[in-house]
Amino acid sequence: MNKSYQWKLLLLVLLVALSIYALLPTFQLYGRPEAERNDPRDPVQRELRGKALKLGLDLRGGMHLALELDKSKLPSDASVRDAVDRAMEILRNRIDQFGVAEPLIQRQGEDRILVQLPGLLDKHRAVQLIGQTAQLEFKLVKQASESRQVIDRINRALAGRSADLPDSLLADSLMVANPVTDLLFDYPDMSRFGGVRVLENDYLKLRALLESVNVDSLIPRDASIGFSAQPEIFDQGQTGRVLYVLSRRAEMTGEAVSNAIMRFGLDPRAPNTPGVSMTLTNKGANLFRKITGANIGRQLAIVLDDKVASAPVIRDRIPTGQAQITGTFTDAEAKDLAIILRAGALPAPVKVVEERTVGPSLGHDSVAGGMRAGIVGALVVIAFMLFYYRGSGLVAIICMALNVFFLFAGLAALRGTLTMPGIAGIVLTVGMAMDASILIFERIREELRAGKTVRLAIDNGFDRAWRTILDANLTTLISAIVLFRFGTGPIKGFAITLGIGLIANIYTAVFVARMIFGALLARRNVRSLSI
């Protein structure tokens with residue numbers, strides 16, 4: 001065995017060993033039950049998931065969201081790039097606390113954020129968790145007499161403009177005189193909630209009516225209005241919302257919140273319902289102490305994204321720095337609200353511009369279908385190569401298997417993600433590998449037909465095919481690089497697998513195959529070749 005062959009063999013053994021090392025976490029992870037390997041709290045599983053080959057949403061199931069930041073809501077001097085960076089960090093915190101394993105959050109263009117949540121299929125909950133701006137403010141509720149003045153002012157202004165309002169907003173002709181107060185329940189009584197009540201059937205009408213005009217231009221500058229976020233239970237079991245008249249200036253914002261957790265029993269009237277208990281920062285606690293000390297007997301509304309989450313009456317000065325949000329939350333809603341408050345507010349609202357959900361059964365079907373197609377295709381190729389090229393076909397099959405093995409190892413080492421387009425890239429790579437072997441074998445056959453010896457025919461065959469194989473793989477590799485550079489999502493997955501496969505193909509189809517032929521001819525005088 002000459003030194004050149006020894007080095008080639010050593011290099012192959014080294015590459016195989018490195019590939020096994022790269023794929024070992026993948027074997028360990030996917031050898032465990034699904035529930036165990038997806039546990040986000042297990043540090044061992046988390047480490048394995050970080051090193052193992054990942055499956056894309058189309059193979060594993062989950063949600064894909066493309067979010068767009070509302071640039072119009074940013075301050076005039078704010079940078080869009082900085083705002084997107086902040087939004088990504090806040091979304092990452094929210095999703096991490098939500099317990100999604102291996103989420104993907106990345107910038108897309110100037111103002112878009114791509115979010116992929118493997119394994120998460122609760123669309124409504126995910127959109128609520130991610131899309132809520134979470135601008136938290138503490139505002140004083142106006143006294144009843146001031147609130148009535150503001151509501152009467154809005155009512156008079158809209159009555160004067162009733163001719164300009166759409167008929168759909170004035171379903172009853174009698175409403176022309178009092179378009180607002182006619183929709184209120186038992187107005188002007190405000191004794192129970194500190195705001196005016198609106199039955200649930202009239203809530204949407206009133207909200208549409210108020211949104212049809214610029215309410216801020218109708219009311220005093222120091223006032224604003226807001227509906228309760230959750231339905232309230234009125235007299236005789238009727239449900240509806242409460243319209244509050246609030247101070248425009250916020251006494252305190254969400255920046256004063258240091259922690260928020262879900263708890264039961266925060267509202268004595270409903271001890272079994274969940275709520276959110278907030279702990280304020282030292283600075284926030286001092287400010288809260290001053291606010292509550294100076295406004296005993298008044299209501300302090302906790303306003304989240306312009307909706308009043310709760311408006312408790314300040315009974316005494318509160319020195320503890322604790323505040324609560326109560327309402328008709330479900331356990332999941334209260335838990336998600338606590339997560340959002342802990343993670344902080346987004347710099348501007350985001351809207352969902354693209355949304356896709358892949359169910360786990362479809363993902364499993366895709367994996368099973370891809371594996372079935374791959375196995376059937378590989379068996380057909382193996383049968384053809386063995387039938388047409390006989391013993392030499394076996395060399396091509398060994399090289400193809402090594403090619404796919406190196407491809408998966410490279411993908412795992414690069415922390416890549418396997419997707420359906422990625423599987424298409426693997427299939428194309430297998431085709432390129434077979435094509436390279438066929439080129440070499442046909443050149444060898446030509447040399448044998450020309451009367452050359454087996455050793456000389458093999459040397460000439462590899463030399464003559466080398467340039468063609470290199471050109472074909474290099475041009476395809478350039479295409480893969482361009483796709484990776486300018487493509488997104490699935491296109492990149494296809495480009496990565498194709499690129500790794502082509503590099504592995506040049507090594508296995510040319511160098512490994514030649515090494516195997518060299519080993520077969522070593523120290524033997526072979527007169528014929530099975531090809």
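Whatever comes next refers back to the structure up there.
Source: prediction; values computed, not measured.

A. Fine view of unusual backbone geometry. Cis geometry is found at the peptide bond from Tyr187 to Pro188, where omega equals 15°. Examined against the element boundaries, Pro188 turns out to sit in the loop between helix H7 (144-160) and strand E6 (196-199). Unusually for a residue other than glycine, Asp186 sits at a positive phi of about 60°. In this fold, Asp186 is placed in the loop between H7 and E6.

B. Quick peek at the pattern of salt bridges. A complete count under the given rule lists 22 salt bridges for this structure. Residue Arg207 pairs with Glu211 through a salt bridge whose shortest N-O separation is 3.9 Å. Here Arg207 and its partner Glu211 are both found in helix H8 (residues 200-211), four residues apart, which amounts to about one turn of the helix. Note on Glu211: relative accessible area 59%, which makes it exposed. Residue Glu447 pairs with Arg464 through a salt bridge whose shortest N-O separation is 2.7 Å. On the criterion of sequence distance, the pair formed by Glu447 in helix H12 (residues 420-449) and Arg464 in helix H13 (residues 454-486) is long-range, its members being 17 residues apart.

C. Structural detail: a nonpolar patch on the surface. A surface patch of nonpolar side chains, about 410 Å² in accessible area, is lined by Leu474, Ile478, Val482 and Phe486. Counting through the fold element by element, Leu474 comes out in helix H13. Here Leu474 falls in the partly exposed class, since its relative accessible area comes to 41%.

D. A look at the environment of Pro347. Assignment of secondary structure puts Pro347 in the loop between helix H10 (331-343) and strand E16 (350-358). You can call Pro347 buried: its relative accessible area is 13%. Separated by 189 residues in sequence, Pro347 and Leu158 place their C-alpha atoms 34 Å apart. Beyond its immediate stretch of four places on either side in the chain, Pro347 contacts Leu74, Ala83, Arg86, Ala87 and Ile90.

About the cut-offs
Residues numbered from 1 in each chain as written. Predicted model: local features only at pLDDT ≥ 70, side-chain atom pairs only at ≥ 80, totals over all residues. Heavy atoms only, no water. Helix = DSSP H or I, 4+ residues; strand = E, 2+ residues; numbered from the N terminus. Salt bridge = Lys/Arg side-chain N within 4 Å of Asp/Glu carboxyl O. Buried < 20%, exposed > 50% of the residue type's maximum accessible area, 1.4 Å probe, protein only. Patch = residues over 30% accessible without salt bridge, like charges linked within 9 Å, V, L, I, M, F, W, Y side chains within 5 Å. Areas by Shrake-Rupley, 256 points an atom, 1.4 Å probe, with all protein chains shown as cover. Contact = heavy atoms within 4.5 Å.

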